[in-house]
Amino acid sequence: MGAWFDRRLGFAPVIQKLRHHLREPLPKHVGWLWTLGFTAAILFAVQILTGILLMLYYKPTADAAYESVRRIGEEIPAGWLVRGLHVWGSHFIVGVLILHALRVFLYGGYKKPRELTWIFGVLLLMIALGFGLSGYLLPWTQLSYWATTVVTEGAGALPGIGGASLELVRGGEQVSEATLGRFFVAHVILLPVALVILISLHLYLVARLRLAPIEDVRTEEEQGYERLVAEGKPYHLHLTKEVTVALVAVGLLATCAILFPAHLGAKADPFSTPPGIKPEWYFLPIYQVQKYFPADMGFLSGKTAGVLFVGLCSILFLFLPFIDRSPERDPHRRKWTIRIGMVVMLAVILVGVLGFLSDRRIEVFGKAFQFDPYGVPHAVQKVEGPPDGH
Ligand code: HEM
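The following refers to the structure shown. (Residues numbered from 1 in each chain as written. Predicted model: local features only at pLDDT ≥ 70, side-chain atom pairs only at ≥ 80, totals over all residues. Heavy atoms only, no water.)

1. Details of the overall build of the protein
What the protein contains, in helices and strands, is 16 helices and three strands. Overall, the protein is about 70 × 55 × 50 Å in size when its C-alpha atoms are taken along their principal axes. Burial status across the protein gives 41% buried among its 390 residues. Within the protein, residue pairs in contact and separated by at least 24 positions form 73% of the contacts whose partners lie at least 6 positions apart. Summed over all atoms, the accessible surface of the protein reaches about 22,200 Å², with 69% contributed by carbon and sulfur. (Helix = DSSP H or I, 4+ residues; strand = E, 2+ residues; numbered from the N terminus. Buried < 20%, exposed > 50% of the residue type's maximum accessible area, 1.4 Å probe, protein only. Contact = heavy atoms within 4.5 Å. Areas by Shrake-Rupley, 256 points an atom, 1.4 Å probe, with all protein chains shown as cover.)

This is the structure:
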């Protein structure tokens, strides 16, 4: 049977290469943290599968979108589960990718000759965020409509091309059916194609350059990779760890989807802005940091400065391998780089938390606090009714 196919397809050399790859030794320090890339790939596969199932019933028009998603959740058999897996899956992927990027940062996996592996990886993270942004609008709920309005405002603040880019993203001045059509095309065609191309490039480079050793860049060059990893365990032993972590992640995902089914709020109403609109957690730092720029900064408006700041941070992150050029990979020998990385990470988390708290009323130990748009608490009189966020 195998010979029949091989005579026609000629796949024997490919199988041989894969077998060889399974036996290749890995650097000795590679452990559980090196399983997150594989887990991300499996989670993406689950997204594609559940996404295809959702597409069988979803209708991308302003009139029908909300009703079609309601039907998926309430009438189609197991529709609520498929939707739950897809919605929760988007959060899991972003979380796992952030952890994967942190691991690569911690162990200097982005250094020569793996700079392009990092760049393709950061682009993949951006694609995951693009999936989150475009997918959020598709159910056409109040929350998704207004959160999309808030997040896409950034495009309008770009210097010189603000109007044109807002038009490109929204298909008009406001979020409308044209935006829904564009986001649908991005979500089911453009981003998946970009994803497949970039994952292929990323994994090709991981297989070609192999996992970075703990030794510094010069030692890898001078002594040669094979010598450094000669005593390491073969890849197939690590593969069992990768499969274990991926299965645990999928199990957790299913648990969340079953215990906390995806919610569908009210249908979008472009004429009434609901209070306390916030984007998804992974956009909160980007959304909040822009508020701290003063409205008028002389030659720039605060909005433009905020967007440029976020753009600059993304470019610095993308080109990190060319900014941190020290040859060391071992985290113990890169104390300052790791410290700077930790400070940046804590700052991003802090701004995200301030974004979460902003414009909210919360009760702590019987006292009521109103958080202003900057996330600063102000004591207020207790009023009847549940506090915000409940
Ligand atoms: C769909 C998204 C992604 C997939 C499927 C993926 C997959 C993988 C896999 C399977 C590995 C092998 C080792 C491991 O799992 O740790 C790896 C390594 C690597 N990834 Fe990713 N990755 C993704 C996103 C990212 C992101 C967001 C970054 C950086 C911001 C990144 C940067 C890297 C680098 C530099 C390596 C080589 C590290 C080393 O040799 O130590 N990847 N990736």
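2. Section: the coordination of the iron atom of the ligand
Every protein donor of the iron atom of the ligand is accounted for by His100 (NE2) and His202 (NE2), and the metal-donor separations fall at 2.1 to 2.2 Å. Taken together, the six donor atoms surrounding the iron atom of the ligand define angles of 87 to 179 degrees at the centre, an arrangement classified as octahedral. One end of the pair, histidine 100, is in helix α5 (residues 79–106); the other, histidine 202, is in helix α9 (residues 177–209), and 102 residues separate them in sequence. Assessed through its relative accessible area of 14%, histidine 202 is described here as buried. (Donors = N, O, S within 2.8 Å, 3.2 Å for Na, K, Ca; no water. Tetrahedral: all angles 85-135°; square planar, octahedral: opposite > 155°, others 65-115°.)

3. Let's talk about the nonpolar core
Core analysis: the largest hydrophobic core is formed by 25 residues, its most contacted members being Phe44 and Leu97. Taken together, the elements giving at least two residues each to this core come down to α3 (36–55), α5, α6 (115–137), α9 and α12 (235–259). In this structure, phenylalanine 44 is in contact with Ile93, Leu97, Ala128, Phe131, Leu195 and Ile199, ignoring residues within four places of it in sequence. Grouped together as the second largest cluster of nonpolar side chains are 17 residues, Val69, Tyr136, Leu138 and Trp140 included. (Core = buried A, V, L, I, M, F, W, Y, C linked by side-chain atoms within 4.5 Å.)

4. Some thoughts on the pairing of strand β1 (residues 361–364)
Summarising the sheet, β1 and strand β2 (residues 367–371) pair through four bridges and their orientation is antiparallel. Each bridged residue has a counterpart across the sheet, and for arginine 361 the counterpart in β2 is glutamine 370. Hairpin remark: β1 followed by β2, antiparallel, with two residues in the connecting loop; positive phi at phenylalanine 365, about 45 degrees. (Pairing = 2+ DSSP bridges.)

5. Focus: the pairing of β2
Here β2 runs beside strand β3 (residues 377–380); their pairing, made up of four bridges, is antiparallel. Looking at the pairing, alanine 368 lines up with valine 380 of β3. Linking β2 back to β3 in an antiparallel pair, the connection comprises five residues, with glycine 375 at a positive phi of about 90 degrees.

6. Focus: the packing of helix α2 (residues 12–23) against α12
Axis angle and axis distance: for two packed helices, these are the angle between their axes and the distance between the axes, and together they describe the pair. Running from amino to carboxyl end, α2 crosses α12 at an angle of 85 degrees, the nearest separation of the two axes being 5 Å. Judged by the angle between their axes, α2 and α12 are roughly perpendicular. Between α2 and α12, the residues in contact are His21, Leu22 and Arg23 and Tyr235, His236 and Leu239, respectively. Each residue belonging to the contact of α2 with α12 can be placed in one class, and the counts come to three nonpolar, two polar and one charged. (Axes fitted to C-alpha atoms, helices over the stretch in contact; angles between N-to-C directions. Parallel < 35°, antiparallel > 145°, perpendicular 65-115°, else oblique. Nonpolar A, V, L, I, M, F, W, Y, C, P; charged D, E, K, R; others polar.)

7. Concerning the environment of leucine 97
Its location among the elements puts leucine 97 in helix α5. In the structure, leucine 97 is positioned 142 residues away from leucine 239 in sequence and 19 Å away in space, judged by C-alpha atoms. The contact partners of leucine 97, leaving out residues within four places of it in the chain, are Ala40, Phe44, Leu124, Leu125 and Ala128.

8. Notes on the site of the ligand
The ligand sits among 25 residues. The nearest are His100, Arg103, Gly121, His202 and Ala212. Here an oxygen atom of the ligand and a side-chain polar atom of arginine 103 are 2.8 Å apart. At a separation of 2.8 Å, an oxygen atom of the ligand approaches a polar backbone atom of alanine 212. Of all elements in the fold, only α3, α5, α6 and α9 reach the threshold of two or more residues within the shell around the ligand. In terms of residue count, the dominant contributor to the shell around the ligand is α6 (six residues). Taken together, the residues of the shell around the ligand sort by class into 16 nonpolar, six polar and three charged. (Near = heavy atom within 4 Å. Polar contact = N/O pair within 3.5 Å; in protein donor to acceptor, adjacent residues only side chain to side chain.)

9. Considerations on the packing of aromatic side chains
Applying the stated criterion to the full structure yields 15 aromatic pairs. Relative to tyrosine 374, the ring of tyrosine 292 has its centre 5.8 Å away and its plane inclined at 40 degrees; by these criteria the two rings are tilted. Residue tyrosine 292 is found in the loop between α13 (284–289) and α14 (302–318), and its partner tyrosine 374 is found in the loop between β2 and β3; the two are separated by 82 residues along the sequence. A network of ring pairs unites the aromatic residues Phe105, Tyr110, Trp118 and Phe317 as a single cluster. (Phe/Tyr/Trp six-rings, centres within 6.5 Å; stacked < 30°, edge-to-face > 60°.)

These figures come from the coordinates and say nothing about function on their own.
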